[in-house]
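Structural overview for review
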Amino acid sequence: MRALLVEDDALLGDGIRAGLKLADFAVDWVRDGDTARRALLDQSYDICVLDLGLPQRDGLSLLKELRARGSSLPVLILTARDTSEDKVAGLDAGADDYLTKPFDLPELQARLRALVRRASGSAGPVLQHAGVALDPATKRVSLNGELIGLSAREYALLYDLLGHKQHIRTRAQLEESLYAWGEEAESNTVEVYIHHLRKKLGANFIRTVRGLGYQLGEEE
Ligand code: CA
């Protein structure tokens, strides 16, 4: 899963980024409104954590523009503006959730998990497909009720596939969900982890869509 963090405060941004990484997001962190705008236009994210008071361009105007383009990207506003009017304005501008500073990291992470599972079409907390269950809160993965041990990258890849159940995911998209800007990926990373996941979860669990990418296999 890939997150865009828009936060101009260095210390706070550093803490939020670390928290998002712990919650298994590959995080791109931008610190001003113009860079955020470009990132939102050029890249695809699964979630955006948006500060409102930003250099160059206010978070609220970024959000309005995003929604005017028809984007359904889940957006959580994270701001010091804590009046009821501010919250109404943020939610009415198209935010999916609103959290005020200071905040608890576990609460932020739980809210993000909720947004991701809603976006993936699952109301329940556990993502499931063909006997495989992944619980983002505990990071436990099971196959037909038996716990399966996965490496951090295998887990991140599986989380991405389960979170985009109906979609074919390209190799580039999967790579982006594993690595943030500036992190170096090996050229065959995705293939290697797909191979590992098939060994652990069954050869048909992930199918290759020739020339396009990967998708979860049919449910039996
Ligand atoms: Ca700010």
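In every chain, residue numbers begin from 1 and rise along the written sequence. Given that this is a predicted model, residues contribute local features only at a pLDDT of at least 70 and side-chain atom pairs are listed and counted only at 80 or more, while totals for whole chains, interfaces and linings are drawn from all residues. Only hydrogens and water are set aside when side-chain values are computed; all heavy atoms of the structure are taken into account.

1. Topic: the packing of helix H6 (residues 152-163) against helix H8 (residues 189-201)
Working convention: axes come from line fits to C-alpha atoms, limited for helices to the stretch in contact. Angles between N-to-C directions cover 0 to 180 degrees. By definition, any uninterrupted DSSP run of H or I lasting at least four residues is a helix, any uninterrupted run of E lasting at least two residues is a strand, and each is numbered from the N terminus. The geometry of H6 relative to H8 is characterised by a closest axis approach of 10 Å and an angle of 85° between their N-to-C directions. The orientation of H6 with respect to H8, classified from their angle, is roughly perpendicular. Along the contact surface, H6 presents Arg153, Glu154, Leu157, Leu158 and Leu161, while H8 presents Val190, Tyr193, Ile194, His196, Leu197, Lys200 and Leu201. Ten residues, namely Ala, Val, Leu, Ile, Met, Phe, Trp, Tyr, Cys and Pro, are considered nonpolar, four, namely Asp, Glu, Lys and Arg, are considered charged, and the remaining ones, Gly among them, are considered polar. Here the residues of the contact of H6 with H8 are counted per class, giving eight nonpolar, one polar and three charged. An angle below 35 degrees is read as roughly parallel, one above 145 as roughly antiparallel, one from 65 to 115 as roughly perpendicular, and any other as oblique. Any two residues whose heavy atoms approach within 4.5 Å at even a single point are treated as in contact.

2. A word on the domain arrangement of the protein chain
For the protein chain, the domain assignment lists domain 1 (2-119) and domain 2 (127-216). Taken over C-alpha atoms, the centre of domain 1 sits 25 Å from the centre of domain 2. Taken together, the contact pairs 16 residues of domain 1 with 15 residues of domain 2. Here the buried area means the combined drop in accessible surface, using a 1.4 Å probe, for two parts upon being joined, counting both sides. It is Arg2, Asp24 and Arg113 that lose the most area in domain 1 upon contact with domain 2, and together they represent 39% of the buried surface on that side. Salt bridge, as applied in this entry: a Lys or Arg side-chain nitrogen positioned within 4 Å of an Asp or Glu carboxyl oxygen. Counting across the interface, domain 1 meets domain 2 through two salt bridges. Domain ranges listed in this record stem from an automatic or a database domain assignment.

3. Regarding the sheet that holds strand E8 (residues 140-143)
Strand order in the open sheet formed by four strands is E6-E7-E8-E9, and the pairing between neighbours is antiparallel. Both edges of this open sheet fall to strand E6 (127-129) and strand E9 (146-148), since each of them pairs with a single strand only. The average angle at which neighbouring strand axes cross in this sheet is 25°, direction not considered. Pairing between two strands is assigned when DSSP locates at least 2 bridges connecting them. As judged from the three bridges shared by E8 and E9, these two strands associate in the antiparallel manner. Paired with Ser142 across the bridge in E9 is Leu147. Each of E6, strand E7 (132-135) and E8 is contacted by H6, which is oriented at about 105° to E7, the strand it contacts most.

4. Quick word on the coordination of the calcium ion
Protein ligation of the calcium ion involves Asp8 (OD), Asp51 (OD) and Gly53 (O), the donor distances falling in the range 2.1 to 2.3 Å. Distances decide who is a donor: an N, O or S atom must be within 2.8 Å of the metal, or within 3.2 Å for Na, K and Ca. Water is not included, so sites may look incomplete. Sequence positions of the donors to the calcium ion reduce to the motif D-x42-D-x1-G. Taken together, the residues span a long stretch of sequence, with Asp8 in the loop between strand E1 (2-6) and helix H1 (10-22) and Gly53 in the loop between strand E3 (47-50) and helix H3 (59-68) at a distance of 45 residues.

5. Digging into helix H7 (residues 171-178)
What H7 keeps buried is the set Leu174, Ser177 and Leu178. On an axial view of H7, the arc spanned by its buried residues comes to 105°, and they lie on one face. On its buried face, H7 sits against E1, strand E2 (26-30), H6, H8 and strand E11 (213-216). We call a residue buried when its accessible area falls under 20% of the maximum for its residue type, exposed when it is over 50%, and partly exposed in between, using a 1.4 Å probe and counting protein chains only. Each direction from the helix axis to a C-beta atom contributes to the arc, which is the arc of those directions.

6. Structural notes on the pattern of salt bridges
Counted under the stated rule, the structure contains 16 salt bridges. Residue Arg17 pairs with Asp14 through a salt bridge whose shortest N-O separation is 3.1 Å. Highlighted residues: Arg17 and Asp14, both in helix H1, separated by three residues, approximately one helical turn. With a relative accessible area of 31%, Arg17 lands in the partly exposed category.

7. Observations concerning the nonpolar core
In this text, buried Ala, Val, Leu, Ile, Met, Phe, Trp, Tyr and Cys residues form a nonpolar core when linked through side-chain atoms within 4.5 Å. Within the largest apolar cluster, 42 residues are counted, with the highest numbers of intra-cluster contacts made by Leu20, Phe25, Leu76, Leu112, Leu134, Leu158 and Phe205. The greatest single-element share of this core, amounting to seven residues, is contributed by H6. Inspection of this core shows a minimum of three residues originating in each of domain 1 (2-119) and domain 2 (127-216). Ranked by size, the runner-up nonpolar core spans 21 residues in total, among them Leu4, Val30, Leu40 and Val75.

8. A word on unusual backbone geometry
With the exception of glycine, the majority of residues adopt a negative phi angle, and the majority of peptide bonds are in the trans configuration. Looking along the chain, the bond that leaves Lys101 and enters Pro102 is cis, with omega of -5°. Looking at where Pro102 falls in the secondary structure, it is placed in the loop between strand E5 (97-100) and helix H5 (105-119). Here Asp24, not a glycine, exhibits a phi torsion of approximately 70°, which is positive. The class for Asp24 is buried, based on a relative accessible area of 14%.

9. Thoughts on the packing of H7 against H8
Packing of H7 against H8 brings their axes to within 9 Å, and their N-to-C directions diverge by 85°. Judged on the interaxial angle alone, H8 and H7 are roughly perpendicular. Taking contact as the criterion, the partners of Arg171, Leu174, Glu175 and Leu178 in H7 are, on H8, Thr189, Val190, Glu191 and Tyr193. For the contact of H7 with H8, the class distribution of residues is four nonpolar, one polar and three charged.

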